[in-house]
Amino acid sequence: MIRWWSTASIRVRLTAWYTAVLALMLVVYAAVTFLAVRHEFHEQLEEETHTEPDHVVAASPEDRVEQQLGEILVVLVLGLPVIVVLAGVGGYVLARRALAPIDHLAAESRRITAERLHERLSVSNAHDEIGTLAAVINDAFARLESSFDQLRRFTADASHELRTPLSVIRGIGELSLRETRTPAEYKEAMGSMLEEVDRLTRLIDTLLQLSRGDAGTVRLSRDVVDLGDLARDVASSLSVLAEERRQRLDVASAANVRVLADRLVLRDAVTNLVDNAIKYSPEASTITIHVDGGPEQATMTVADEGSGIPPEHRDRIFDRFYRIDEGRAREMGGTGLGLAIAKWAVEANGGQIALEPTSKGSVFRISLPRLGAPNRT
Ligand code: ADP
């Protein structure tokens, strides 16, 4: 019974509840009515006995009353199950009608498979309960569709990126083997191959880092990080690259701007921003890392004097594998993942990263919740 109840459809359970409650109410109603009528009949009988003290007629009044009461009881007892059955059938039809749109939703949802995720459920009335449910399901489909699209794009881009260095390695190998070469030529070919292997390794490491980030398996070990120290640290380790291009790398920092973050992860983000600034701004220009703190926010900006990022690319610049000038970015050794990693790293630490609108160069801003701002007196 319990098993049947738990597997029965809502329509059947609703009808059963409705019928049981209605039957109970009818039994109570019939019993009360019957008792009231009986009471009334007995009172009348008593009055008649007082006015006609000689109790001298063909059938005694008591018998007549009992007979009438018996007839009423028969009508009540026989009528009640008929009414309950009719009400049950009516209830079932109503429940079926009320729940039919849910069956329709289920059938439509079943039709939408991974290959047809662009389709949506039709909503006849967006304001009723079914309409609200359909809207919620449609939202979920929209989110699924966008995740699927992202995944497909990511897989296609990743395969493309991985294939490029492999084709280069294969090309170098085939070329070197085509005829006998001098040891120096073989050495050079191997050097080029190793460069591509390095590139491949870097790319795979970055992809792994991103997929661990997506899976939420990266364990952050948060500690107090002074953003000024972090900026100086990154600047000093990238100063060689800046010197090669005769660029100035300046750090301007307010004191005691501290945040709670995983230092290594945050360092990756800042390194990628400064590395980009060095790569994409002209020789002999200046790159400035600026650290500042408000009462609640700590900010770090990385500004350069390069060509900047045109407005039409701003929305997609943090997307994986997105590059403005693919040829040039690839030439510079970029994987198109630097900003995606930076975004993940900052957000994993509870912050935000954005590209500031500027008229010249690019300014990337990292904001994080500030830790224990110094008391101002
Ligand atoms: P990459 O590894 O190719 O540098 P990123 O994700 O770091 O990839 O950057 C994506 C693209 O954004 C770059 O290819 C480049 O076109 C553009 N970009 C990033 N930083 C800057 C910058 N400071 N100035 C101009 N363009 C930039």
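As the structure is a prediction and not an experimental result, all values here were calculated from the model.

K.L.:
In this structure, what is going on with the overall build of the protein chain? I would like to understand it.
P.N.:
The number of helices and strands found in the protein chain is nine helices and seven strands. Referenced to the eigenvectors of the C-alpha coordinate spread, the extents of the protein chain come out at roughly 140 × 75 × 35 Å. Expressed as a percentage of its 377 residues, the buried residues of the protein chain come to 32%. When the accessible surface of the protein chain is totalled, it reaches about 24000 Å², and 58% of it is carbon and sulfur. Counting 43 positive and 54 negative side-chain charges, the protein chain places the averaged centre of each group 11 Å from the other.

K.L.:
Is there a simple way to think about the environment of I137 in this case?
P.N.:
Tracing the sequence through the fold places I137 in helix α4 (residues 129–178). Put simply, I137 and S109 are 28 residues apart on the chain and 8.4 Å apart in space, counted from C-alpha to C-alpha. In this structure I137 touches L105, S109 and L121, once residues within four positions along its chain are discounted.

K.L.:
What am I meant to see in the site of the ligand here?
P.N.:
In the neighbourhood of the ligand, 20 residues make up the surrounding shell, with N276, Y280, D304, T335 and L339 lying closest. Taking Y280, its side chain carries an N or O atom lying 2.8 Å from an oxygen atom of the ligand. Contact with the protein chains hides 96% of the accessible area of the ligand, taken as 530 Å² for the molecule alone. When contributions to the shell around the ligand are tallied by element, the ones reaching two or more residues are α7 (263–279) and α9 (338–348). If you tally residues by element for the shell around the ligand, the top one is α7, at three residues.

K.L.:
It is not clear to me how the pairing of strand β3 (residues 258–261) should be interpreted in this structure. Could you clarify?
P.N.:
A regular strand places its side chains so that they alternate between the two faces of the sheet. Burial along β3 is one-sided: V259 and A261 are buried, while R258 and L260, pointing the other way, are not. Direction of pairing for strand β1 (residues 223–226) relative to β3: antiparallel, over a ladder of four bridges. Considered in β3, the bridge of D223 is made with A261.

K.L.:
Help me understand the packing of aromatic side chains in this model?
P.N.:
Two descriptors summarise a pair of aromatic rings, namely the distance from one centre to the other and the angle between the planes of the rings. The final tally for this structure, using the stated rule, is two aromatic pairs. Aromatic side chains F154 and F321 sit 5.7 Å apart centroid to centroid with 35° between the ring planes, which places their arrangement in the tilted category. Remark: F321 occurs in the loop between β5 (297–303) and α8 (326–331) and F154 occurs in helix α4; sequence separation between them is 167 residues. Here F318 and F364 contribute two aromatic rings whose centre-to-centre distance is 6.1 Å and whose plane-to-plane angle is 90°, an arrangement assigned as edge-to-face. Here the residue F318 occupies a position in the loop between β5 and α8, and F364 occupies one in strand β7 (residues 363–369), the gap between them amounting to 46 residues. The residues F318 and F364 share a single accessibility class, namely buried. Note that K343 overlies the ring of F318, its terminal NZ or CZ placed 6.0 Å from the centroid.

K.L.:
Which parts of the structure should I look at to understand the sheet that holds strand β4 (residues 286–293)?
P.N.:
In a beta sheet, neighbouring strands are held together by backbone hydrogen bonds and run either parallel or antiparallel to one another. Read from one edge to the other, the open sheet built from five strands follows the order β2-β4-β5-β7-β6, with strand pairing classed as mixed. The open sheet has two edge strands, β2 (248–253) and β6 (352–356), and neither has a second partner. This sheet shows a mean twist of 15° between the axes of neighbouring strands, independent of strand direction. Judged from the seven bridges that link them, β5 and β7 form a sheet pairing that is antiparallel. Across the sheet, the residue bridging to A298 is L368, located in β7.

K.L.:
How do you make sense of the nonpolar core when you look at a structure like this?
P.N.:
In globular proteins that are soluble, nonpolar side chains generally tend to be buried together. Formed by 40 residues in total, the largest nonpolar core has its most connected members in L227, V259, L266, V274, M300 and I366. For this core, the secondary-structure elements that each account for two or more residues are α6 (227–244), β3, α7, β4, β5, α9, β6 and β7. By residue number, the principal contributor to this core is α7, which donates eight residues. If we skip the residues at most four places from it in the chain, I366 touches V270, L273, A298, T299, M300, V346, Q352 and I353.

K.L.:
Please explain the domain arrangement of the protein chain as it appears in this structure.
P.N.:
Often, the extent of an interface is quoted as the loss of accessible area on bringing the components together. Structurally, the protein chain comprises domain 1 (2–111), domain 2 (146–215) and domain 3 (223–369). Here domain 1 and domain 3 have C-alpha centroids that lie 79 Å from each other.

K.L.:
Would you take a moment to explain the pattern of salt bridges for this structure?
P.N.:
When their charged atoms lie close together, side chains carrying opposite charge are able to pair. Summed over the entire model, instances satisfying the criterion amount to 18 salt bridges. Here K279 makes a salt bridge to D275, at a shortest N to O gap of 4.0 Å. One end of the pair is K279 and the other is D275, both in helix α7 and four residues apart, which spans about a single turn. Exposure remark for K279: the relative accessible area of 14% places this residue in the buried category. Since its relative accessible area comes to 22%, D275 is described here as partly exposed. In this structure, the salt-bridge partner of R316 is D319, at a minimum N-O distance of 3.1 Å. When its relative accessible area of 28% is taken as the criterion, D319 is described as partly exposed.

K.L.:
What is the right way to look at the environment of S237 in this model?
P.N.:
Secondary-structure assignment places S237 in helix α6. Separated by 34 residues in sequence, S237 and T271 have C-alpha atoms that sit 8.9 Å apart. Engagement of the side chain of S237 in a polar contact is seen with the side chain of R267, the distance being 3.3 Å.

Conventions we followed
Residues numbered from 1 in each chain as written. Predicted model: local features only at pLDDT ≥ 70, side-chain atom pairs only at ≥ 80, totals over all residues. Heavy atoms only, no water. Helix = DSSP H or I, 4+ residues; strand = E, 2+ residues; numbered from the N terminus. Buried < 20%, exposed > 50% of the residue type's maximum accessible area, 1.4 Å probe, protein only. Areas by Shrake-Rupley, 256 points an atom, 1.4 Å probe, with all protein chains shown as cover. Lys, Arg positive; Asp, Glu negative; His and termini not counted. Charge placed at Lys NZ, Arg CZ, Asp CG, Glu CD. Contact = heavy atoms within 4.5 Å. Near = heavy atom within 4 Å. Polar contact = N/O pair within 3.5 Å; in protein donor to acceptor, adjacent residues only side chain to side chain. Pairing = 2+ DSSP bridges. Phe/Tyr/Trp six-rings, centres within 6.5 Å; stacked < 30°, edge-to-face > 60°. Lys NZ or Arg CZ within 6 Å of the ring centre and 35° of its normal. Axes fitted to C-alpha atoms, helices over the stretch in contact; angles between N-to-C directions. Core = buried A, V, L, I, M, F, W, Y, C linked by side-chain atoms within 4.5 Å. Domains from an automatic or database assignment. Salt bridge = Lys/Arg side-chain N within 4 Å of Asp/Glu carboxyl O.

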